[in-house]
Amino acid sequence: QTTIFPTMTVAARNDSYSDFEGSNLNEEDFSPQKTKKNESCCCSINCLVSGLSNFSIQYNYASASIATAIMTSHHDALGPNIREDYPEPMWAKEFLLSIVFTGSVVGMLTMGYLGDFLGLKVALAMTNGMIVLGALASATLSWGSAETVWTVIFWSRFILGMGVGGNYPLSAAKASQSIPLKEAIARTGAAFFWQGPGSVAPYLVALLLLMVPRDENYPTTSVQFRLLYAIGTIPSLAVMLAVLREKSPPKVKSINIDDGSGEKKESNLSIAFREPQHWKALSGTAGTWFMFDVAYYGFVIFSPSILKEVFGSEATLVNIITRSTVLGVISIFGTALGVGSCLRWLGPKRLNVAGQVLAGILFAAFAVVHEYLPDATFLQFGFLCLLIFTLSVGPNVSTFLLPIIAFPEEIRSTFHGLSSASAKVGAMVGSMLFPIVSEHAGVTAVMGTQAVVCLLGAAFGQFLIEDHEDEEGYTTDGFSDTSSDCS
């Protein structure tokens, strides 16, 4: 079943043609040349802000895992007999990597709402300010005993998580702002691509930092993990600068939507929350994203631990980071393929369902190989590479895009925030579930669990999310051309 997507009137879709309060517009402001120039400038700023925001998301997520590995090593060595430079307390081992997701849920819920209530410019400046504050606090305030260092980093990562979480709905809303559905999908997908380079960047930075010559009289490890955290402020500072320099659009008196009946009504969040179709769509977007993140983050965030299990305890920190970097590069190619080709052929919904089903099959196959061929390390590593490629091509892209097709623009930031918050609850479940299941039942049980979770995610996406068609006749069930000026 294809649902006609509720479309905004021209006044709501394009600020240049709105009935503004207190604006001083004249005929020149509506000339084709002026309008085209404004649209081109807006596209460039939106693409820059959305791309950098997505880069910042994954850099700051992944940097916590790598910094922890550096802090708990000694001269690039890991293992039970190694004297850790910063001994990690038991509470930090259990909760540090998940605290950023807790902050993310708070940020997604609050900043997604503020994006619709205060505007994307204000909300983006606020959320990226939190990222800067959290990253700098992790790098510059964590001094003293090991217990004190880990405590400061713990609470700093919560603040950073709030900012990173807010970037999810706000970057998607920014990329899809004031454009038709087809172009919104293309631009948002292009912005999402930069999460791939963002996830690889901290590994590359870590490899460079590990090349620094070590001296027993010089706190090399301290410099390494602090720089790794501090670099995470750079993309967020760039986003803040871009949005603060952007001209604020005049305030719109009201936003009207056309529900297809020919009657116009004022749209706001209170009305949206009473609409049954929005709750059904939210169950689909939030449910499929939740299941995917349980599998994805239980796999990706802890890939160094999985690699250590596959290749044995003799693996050095450099080797583990190098192999994780390889997985990240594979993820970039997978995301590029998903955004550039598969999205065009299948559309977000089918791409999500097909990707999660295939990932479930691969997780199950990996579990069998790991159980019955435990010495086939390179075969297992091959399965890891194939899994990360499949996850990146399909559901990693499409889950981010599904709220774009499921909700109209004036409530998109809020409902994208609700969907992504559900996803990060799934990420917390995955990040806490993985070490527990791995310790008691091994990697085989983890991969088997991930297989079941992926199949459940596919079911949510298939049965609760309807295909949509915008006012120009483009459907989200696959279309022939997804090109845009920002892709």
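Nothing here was measured: the structure is a model prediction, and the numbers come from that model.

Reading guide: rules and limits
Residues numbered from 1 in each chain as written. Predicted model: local features only at pLDDT ≥ 70, side-chain atom pairs only at ≥ 80, totals over all residues. Heavy atoms only, no water. Helix = DSSP H or I, 4+ residues; strand = E, 2+ residues; numbered from the N terminus. Buried < 20%, exposed > 50% of the residue type's maximum accessible area, 1.4 Å probe, protein only. Contact = heavy atoms within 4.5 Å. Areas by Shrake-Rupley, 256 points an atom, 1.4 Å probe, with all protein chains shown as cover. Expected span 1.5 Å × (residues − 1). Core = buried A, V, L, I, M, F, W, Y, C linked by side-chain atoms within 4.5 Å. Phe/Tyr/Trp six-rings, centres within 6.5 Å; stacked < 30°, edge-to-face > 60°. Lys NZ or Arg CZ within 6 Å of the ring centre and 35° of its normal. Salt bridge = Lys/Arg side-chain N within 4 Å of Asp/Glu carboxyl O. Axes fitted to C-alpha atoms, helices over the stretch in contact; angles between N-to-C directions. Parallel < 35°, antiparallel > 145°, perpendicular 65-115°, else oblique. Left-handed = near helix turned anticlockwise from the far one by under 90°. Nonpolar A, V, L, I, M, F, W, Y, C, P; charged D, E, K, R; others polar.

Undergrad: A description of the overall build of the protein chain should follow, citing residues and the corresponding values.
TA: Counting secondary structure elements, the protein chain contains 17 helices and five strands. Counting only residues that meet the buried cut, the protein chain has 55% of its 487 residues in that class. In the protein chain, the proportion of contacts linking residues at least 24 apart, taken out of those at least 6 apart, comes to 83%. Per element, the accessible surface of the protein chain, about 20,100 Å² overall, is 63% carbon and sulfur.

Undergrad: Tell me about helix 7 (residues 195-210), and please be specific about residues and values.
TA: Along an α-helix, residues three or four positions apart point the same way, because every turn accommodates 3.6 residues. An ideal rise of 1.5 Å per residue puts 22 Å on 16 residues; helix 7 measures up with 24 Å between its terminal C-alpha atoms. Among the 16 residues of helix 7, 14 are classified as buried, and the element is accordingly described as predominantly covered.

Undergrad: Run through the nonpolar core, naming residues and quoting values.
TA: Formed by 60 residues in total, the largest nonpolar core has its most connected members in Tyr61, Tyr168, Phe299, Phe363 and Met447. Among the elements that make up this core, the one with the highest residue count is helix 13 (residues 317-372) (eleven residues). Grouped together as the second largest cluster of nonpolar side chains are 27 residues, Ala139, Trp150, Val205 and Leu228 included.

Undergrad: Run through the packing of aromatic side chains, naming residues and quoting values.
TA: In total, this model carries 15 aromatic pairs according to the counting rule given. Note on Tyr86 and Phe225: the rings are 5.4 Å apart at their centroids and 80 degrees apart in plane angle, and the pair reads as edge-to-face. Residue Tyr86 is found in the loop between helix 2 (32-71) and helix 3 (90-117), and its partner Phe225 is found in helix 8 (residues 220-230); the two are separated by 139 residues along the sequence. When sorted by exposure, Tyr86 lands in the same class as Phe225, which is buried. Through a chain of ring-to-ring contacts, the aromatic side chains of Tyr61, Phe101, Tyr168, Phe192, Trp289 and Phe400 assemble into a single cluster. Between the NZ or CZ atom of Arg226 and the centre of the ring of Trp143, over which it lies, the distance is 3.5 Å.

Undergrad: Which residues make up the pattern of salt bridges, and what are the values?
TA: Applying the stated criterion to the full structure yields three salt bridges. Between Glu466 and Lys280 there is a salt bridge, with its nearest N and O atoms 3.6 Å apart. Placement of Glu466 in the loop between helix 17 (443-464) and strand 5 (467-469) and of Lys280 in helix 11 (residues 276-300) is noted, with a sequence separation of 186 residues between them. Overall, the relative accessible area of 24% leaves Glu466 in the partly exposed class. According to the relative accessible area criterion, Lys280 is partly exposed, its value standing at 38%. Lys424 is the salt-bridge partner of Asp293, the closest N and O atoms lying 2.7 Å from each other. Within this pair, whereas Asp293 is found in helix 11, its partner Lys424 is found in helix 16 (residues 412-441), the two being separated by 131 residues in sequence.

Undergrad: Just give me the short version of the packing of helix 13 against helix 17, but keep the residues and values in it.
TA: Axis separation between helix 13 and helix 17 bottoms out at 8 Å; the angle between their running directions is 165 degrees. Judged by the inter-axis angle, helix 13 sits roughly antiparallel to helix 17. In this structure, helix 13 meets helix 17 at a crossing whose hand is left-handed. Looking at side-chain class alone, the contact of helix 13 with helix 17 contains 13 nonpolar, ten polar and two charged residues.

Undergrad: Can you explain the environment of Gly417? Please cite residues and give values.
TA: Structurally, Gly417 is set in helix 16. A C-alpha to C-alpha distance of 7.4 Å links Gly417 and Tyr113, two positions 304 residues apart in sequence. The contact partners of Gly417, leaving out residues within four places of it in the chain, are Met108, Leu109 and Pro169.

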